[in-house]
Amino acid sequence: MASPKSILKVVIPLLLGVGLVWYSLSKISVPTLLQYFKDADYSWIILGVFMGLLSHASRAYRWLFMAEPLGYKPKFGNSFMAVYAAYLINFTIPRAGEIARASILTNYEEIPFDKGIGSIVAERVADTIMLLLIIAIAFFLEFEFIYDFFASKFNSTLILVGIAVLFIGALIVFLLIKKSHRKFALKVKGFVSGLIQGALSIFKMKKKWAFIGHTIFIWVMYVLMFYITTFALPELQNISIAAILIGFILASFSIAATNGGIGSFPEAVVIAFSLFSMLEEPSRAFGWIMWSTQTLVIIVIGGLSLLYLPIYNRNKTAA
């Protein structure tokens, strides 16, 4: 029987997503939203979808470099279908996709479950580093904008005092936690240590540069997918690179907030684009178009992957 904590982990993101869908649709009428879908230039949307496919295919191929040092040579087809199946399952239970992906690889490639999970976690380390790098690039490229934005809301002295208070407060909280909850402190230390070890392990791989190349390609495709799709709406065709980067970053975090970003993705886009004085209605419509098309692809390919995996591996299962 599932524990209350496990149930809450599933129910809370789902309820949050439903609430955000209701909120979003209260800000733009369904007929208006459908009109944006109807008037959108689907040549750009299809190109964005294609870039998404390339990024996911690259992710599946990149994992082959992780499996090789473990002594396995899995098929690209199984890796590709496992990736999409994982994305689909994440829509039902957050983070369950990684477990499902490792299980699929265990069933069809005979890779031990613990090793499969370990390699997927190492992949996540590389992806986390790339997301942090994109955040850093956005910050340095738009430092003046970010500073001016906060300066317009607060004076410079207040900003510096706020940063100092946050730093001192974080330090005090950390020291208190370390003193009273040593286990928690050890977990934090272990997480940071694992992140560093995971990053360093990449450079010990036989095909490390191929792995790094695929990692960069995956995230470049993610950003381009987001950017290219904005051309589908005339109202967003003059959008700045800064707005794209901030929008992409917030949208990426929104996917973790609710099941597959349902409800949270469009609103994250609105928040980001509003910082750059973009109109709210087309921004929200873009968020829904972007999320809907990518989700549809995941549902279709992920569903077909789950159905086709036993057929693709029928010789192995028969044996």
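What counts and how
Residues numbered from 1 in each chain as written. Predicted model: local features only at pLDDT ≥ 70, side-chain atom pairs only at ≥ 80, totals over all residues. Heavy atoms only, no water. Helix = DSSP H or I, 4+ residues; strand = E, 2+ residues; numbered from the N terminus. Buried < 20%, exposed > 50% of the residue type's maximum accessible area, 1.4 Å probe, protein only. Contact = heavy atoms within 4.5 Å. Areas by Shrake-Rupley, 256 points an atom, 1.4 Å probe, with all protein chains shown as cover. pLDDT = per-residue confidence, 0-100. Phe/Tyr/Trp six-rings, centres within 6.5 Å; stacked < 30°, edge-to-face > 60°. Salt bridge = Lys/Arg side-chain N within 4 Å of Asp/Glu carboxyl O. Axes fitted to C-alpha atoms, helices over the stretch in contact; angles between N-to-C directions. Parallel < 35°, antiparallel > 145°, perpendicular 65-115°, else oblique. Left-handed = near helix turned anticlockwise from the far one by under 90°. Polar contact = N/O pair within 3.5 Å; in protein donor to acceptor, adjacent residues only side chain to side chain. Core = buried A, V, L, I, M, F, W, Y, C linked by side-chain atoms within 4.5 Å. Expected span 1.5 Å × (residues − 1).

Engineer: Would you mind going over the overall build of the protein with me for this structure?
Structural biologist: When helices and strands are tallied, the protein shows 14 helices and 0 strands. Here the protein holds 319 residues, and the buried ones make up 42% of them. The long-range fraction of contacts in the protein, counting pairs at least 24 apart against all pairs at least 6 apart in sequence, stands at 72%. Carbon together with sulfur atoms contributes 73% to the accessible area of the protein, which is approximately 17900 Å² in total.

Engineer: How should the confidence of the model for the protein be read in this particular structure?
Structural biologist: Low-pLDDT portions of the prediction should not be read for the details of their coordinates. This prediction gives the protein a mean pLDDT of 82; 76% of its residues lie at or above 70. For the protein, helix H9 (residues 182-202) is the element with the lowest average pLDDT, namely 56, and helix H2 (residues 30-39) is the one with the highest, namely 95.

Engineer: I'm lost on the packing of aromatic side chains in this one. Help?
Structural biologist: Here the distance between the centres and the angle between the planes together describe a pair of aromatic rings. According to the stated counting rule, one finds 16 aromatic pairs in the structure shown. Taken together, a centroid distance of 6.2 Å and an interplanar angle of 80° make the contact between Phe-226 and Phe-248 edge-to-face. Taken together, the residues Phe-226 in helix H10 (residues 208-230) and Phe-248 in helix H11 (residues 241-257) connect sequence positions 22 residues apart. No difference in accessibility class separates Phe-226 from Phe-248, as the two residues are buried.

Engineer: Hey, could you run me through the pattern of salt bridges in this one?
Structural biologist: Between side chains of opposite charge, pairing is possible as soon as their charged atoms come close. Tallied over the entire structure, the rule returns 9 salt bridges. Between Arg-62 and Glu-123 there is a salt bridge, and its shortest N-O distance comes to 3.7 Å. Here Arg-62, found in helix H3 (residues 42-67), pairs with Glu-123, found in helix H6 (residues 113-141); they are 61 residues apart in sequence, far enough to count as distant. Each of the two residues, Arg-62 as well as Glu-123, counts as buried.

Engineer: So what exactly am I meant to see when it comes to the packing of helix H4 (residues 76-90) against helix H5 (residues 96-109) here?
Structural biologist: Packed helices, taken two at a time, are described by the angle their axes make and the gap between the axes. In the contact formed by H4 and H5, the axes pass within 8 Å of each other and the chain directions differ by 150°. When the axis of H4 is compared with that of H5, the two are roughly antiparallel. When you trace H4 past H5, the crossing you get is right-handed. Contacts from Asn-78, Ser-79, Ala-82, Val-83, Ala-85, Ala-86, Ile-89 and Asn-90 in H4 reach Ala-96, Gly-97, Glu-98, Ala-100, Arg-101, Ile-104, Leu-105, Tyr-108 and Glu-109 in H5.

Engineer: Is there a simple way to think about the environment of Val-83 in this case?
Structural biologist: Relative to the elements of secondary structure, Val-83 occurs in helix H4. Its relative accessible area of 2% is what places Val-83 among the buried residues. Sequence separation of Val-83 and Gly-97 is 14 residues, and the distance between their C-alpha atoms is 8.4 Å. Apart from residues lying up to four places away in sequence, Val-83 is in contact with His-56, Arg-59, Ala-60 and Arg-101.

Engineer: Where do I start with the environment of Ser-26 in this structure?
Structural biologist: Note that Ser-26 resides in helix H1 (residues 4-27). On the basis of relative accessibility, which here comes to 45%, the residue Ser-26 falls in the partly exposed class. Separated by 2.5 Å, the side chain of Ser-26 and the backbone oxygen of Tyr-23 make a polar contact.

Engineer: Help me understand the nonpolar core, please; the structure alone is not making it clear to me.
Structural biologist: Residues Trp-219, Phe-226, Leu-233, Phe-273 and Phe-286 are the most contacted members of the largest nonpolar core, which totals 55 residues. Every element with two or more residues in this core is listed here: H2, H3, H4, H6, H10, H11, helix H12 (264-274) and helix H13 (280-312). The residues contacting Phe-273, other than those within four sequence positions of it, are Phe-226, Leu-236, Ile-239, Ala-243, Gly-247, Met-278, Ser-283 and Phe-286. Grouped together as the second largest cluster of nonpolar side chains are 19 residues, Leu-64, Phe-65, Ala-102 and Ile-120 included.

Engineer: Teacher, can you tell me more about H5 here?
Structural biologist: Helical geometry: 3.6 residues make up each α-helical turn, so side chains three or four residues apart lie on a common side. Between its first and last C-alpha, H5 extends 20 Å over 14 residues, near the 20 Å set by a 1.5 Å rise per residue. Within H5, 10 of the 14 residues are buried, leaving the element largely enclosed by the surrounding structure. Buried within H5 we find Ala-96, Gly-97, Glu-98, Ala-100, Arg-101, Ala-102, Ile-104, Leu-105, Tyr-108 and Glu-109. Of the residues one or two after H5, Glu-110 is the one with positive phi, at around 60°.

Engineer: Sorry, what's going on with the environment of Ile-89 here?
Structural biologist: Relative to the helices and strands, Ile-89 is located in helix H4. Its relative accessible area of 23% is what places Ile-89 among the partly exposed residues. If near-sequence neighbours (up to four positions away) are discounted, Ile-89 is found in contact with Ala-96, Gly-97 and Ala-100.

Engineer: Is there a simple way to explain unusual backbone geometry in this structure?
Structural biologist: Most peptide bonds adopt trans geometry, and most residues besides glycine take a negative phi value. Of note in this structure, Glu-110 is not a glycine but carries a positive phi near 60°. For Glu-110, a relative accessible area of 59% corresponds to the exposed category. In this structure, Ser-277 is a non-glycine residue whose phi angle is positive, near 60°. Along the chain, the position of Ser-277 falls in the loop between H12 and H13. Since its relative accessible area comes to 66%, Ser-277 is described here as exposed.

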